[in-house]
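Architecture at a glance
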Number of protein chains: 2
Amino acid sequence: MAEENTIFIGKKGTMAYVLAVVTQVNSGATEIAIKARGKAISRAVDVSEIVRNKFMKDLKITSISTSTEEIATDEGGPLKVSSIEILMKK
Amino acid sequence: MAEENTIFIGKKGTMAYVLAVVTQVNSGATEIAIKARGKAISRAVDVSEIVRNKFMKDLKITSISTSTEEIATDEGGPLKVSSIEILMKK
């Protein structure tokens, strides 16, 4: 997966990421990865559901995987956080 | 999937649901479905990650699927909400 076809879900509104996915696909991408960590995971699922149900009905979810990542924190020990990757393909 | 082997993720703390999964498996279930809607989706992923990484390393995620559900609201029109189902198997 080329880095530019990966959408990282952060704290913006859901529709900002929906637009990012739609823009990527309209500019020629045939496969998109939507990635999120922690509380943004719910938003990642919203983004993929809205894209496929409302904007691009030919885009299918081909795989969903979850993992646990360790991120460094200011206060010493590493923090474990869940992550999700949703792959969508034309 | 028998109804009693389905864990619905709500507003309790993550560990309450981790315990529910572990209890189900220890009482003989070999397959568990973890379901959540809306913001609880992130917690559902946390629950499955904690269970498989920390408590039951022989439990694997066999499938993850998402969908959009319509729920009735007090203020008229139906509300669309994303949902997730994580299947785990021994």
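Bear in mind the structure is a predicted one, so any value in this text is a computation, not a measurement.

**Thoughts on the sheet that holds strand 3 (residues 60-71) of chain A**
The four strands lie next to each other as 1-2-4-3 (chain A), forming an open sheet whose pairing is mixed. At either margin of the open sheet sits one strand with a lone partner, and together these are strand 1 (6-8) and strand 3 of chain A. The average undirected angle you get between the axes of adjacent strands in this sheet is 20 degrees. Sheet analysis places strand 3 of chain A next to strand 4 (residues 79-89) of chain A, joined by 11 bridges and oriented antiparallel. In the sheet register, Ser65(A) faces strand 4 of chain A, and the bridge partner there is Glu85(A). Against the sheet, helix 2 (residues 40-55) of chain A engages strand 2 (31-37), strand 3 and strand 4 of chain A, with an angle of about 5 degrees to strand 4 of chain A. Contacts between helix 2 (residues 40-55) of chain B and the sheet are confined to strand 3 and strand 4 of chain A, with strand 3 of chain A contributing the most and set at about 65 degrees to the helix.

**Quick word on the sheet that holds strand 2 (residues 31-37) of chain B**
Residue and element names in this part refer to chain B. Read across the open sheet, the four strands follow the order 1-2-4-3; overall the sheet is mixed. Either end of the sheet is taken by a strand with one partner, and the two such strands are strand 1 (6-8) and strand 3 (60-71). Each strand of the sheet is rotated relative to its neighbour by a mean of 20 degrees, with strand direction disregarded. Here strand 2 runs beside strand 4 (residues 79-89); their pairing, made up of seven bridges, is antiparallel. Bridge assignment links Arg37 to a residue of strand 4, and that residue is Ser83. Helix-sheet contacts for helix 1 (residues 14-26) involve strand 1 and strand 2, and the interaxial angle to strand 1 is about 170 degrees. On the sheet, helix 2 packs against strand 2, strand 3 and strand 4 and is oriented at approximately 5 degrees with respect to strand 4.

**Things to note about the interface of chain A and chain B**
If you look at the interface, chain A gives 19 residues, while chain B gives 19 residues. For the chain A and chain B pair, buried surface summed over both sides reaches about 1200 Å², with 52% attributable to carbon and sulfur atoms. Ranking the residues of chain A by area buried against chain B places Ser42(A), Ile64(A) and Thr66(A) at the top, with a combined share of 39%. Joining chain A to chain B, the criterion identifies zero salt bridges. Scanning the region where chain A abuts chain B turns up 15 residue pairs in polar contact (both at pLDDT 80 or more).

**Regarding the relation of the copies chain A and chain B**
The relation between the two chain copies is a rotation about an axis coupled with a shift along that axis. Mapping chain A onto chain B is achieved by rotating through 180 degrees and translating by 0.0 Å along the same axis, at an RMSD of 0.0 Å. Between the two chains, the operation in question is that of a two-fold axis. Distance from the rotation axis, computed per C-alpha, reaches its smallest value in chain A at Ser42(A): 2.7 Å. Same-surface contact between copies: 100% of interface residues of chain A are shared with the interface of chain B.

**A look at the pattern of salt bridges**
Following the criterion strictly, the structure yields six salt bridges over all chains and no others. Among the salt bridges present, the one from Glu49(A) reaches Arg52(A), with a minimum N-O distance of 2.7 Å. Of the two residues, Glu49(A) and Arg52(A) both sit in helix 2, three residues apart, roughly one turn of that helix. Looking at Glu49(A), the relative accessible area reads 2%, which means it is buried. A salt bridge links Arg37(B) to Glu69(B); the shortest N-O distance between them is 2.9 Å. Of this pair, Arg37(B) sits in strand 2 while Glu69(B) sits in strand 3, and the two are 32 residues apart along the sequence.

**Concerning the environment of Glu49(A)**
Considered as a pair, Glu49(A) and Ser27(A) are 22 residues apart in the sequence and their alpha carbons are 20 Å apart. When near neighbours in sequence (up to four residues on either side) are disregarded, Glu49(A) contacts Ile61(A), Thr66(B), Ser67(B), Thr68(B) and Ser82(B). Among the polar contacts listed, one links the side chain of Glu49(A) to the side chain of Arg52(A), at a separation of 2.7 Å.

Definitions and cut-offs
- Residues numbered from 1 in each chain as written.
- Chains lettered and ligands numbered in written order.
- Predicted model: local features only at pLDDT ≥ 70, side-chain atom pairs only at ≥ 80, totals over all residues.
- Heavy atoms only, no water.
- Pairing = 2+ DSSP bridges.
- Helix = DSSP H or I, 4+ residues; strand = E, 2+ residues; numbered from the N terminus.
- Axes fitted to C-alpha atoms, helices over the stretch in contact; angles between N-to-C directions.
- Contact = heavy atoms within 4.5 Å.
- Buried area = accessible area lost by both parts, 1.4 Å probe.
- Salt bridge = Lys/Arg side-chain N within 4 Å of Asp/Glu carboxyl O.
- Polar contact = N/O pair within 3.5 Å; in protein donor to acceptor, adjacent residues only side chain to side chain.
- Least-squares fit on C-alpha atoms with pLDDT ≥ 70 in both.
- Buried < 20%, exposed > 50% of the residue type's maximum accessible area, 1.4 Å probe, protein only.

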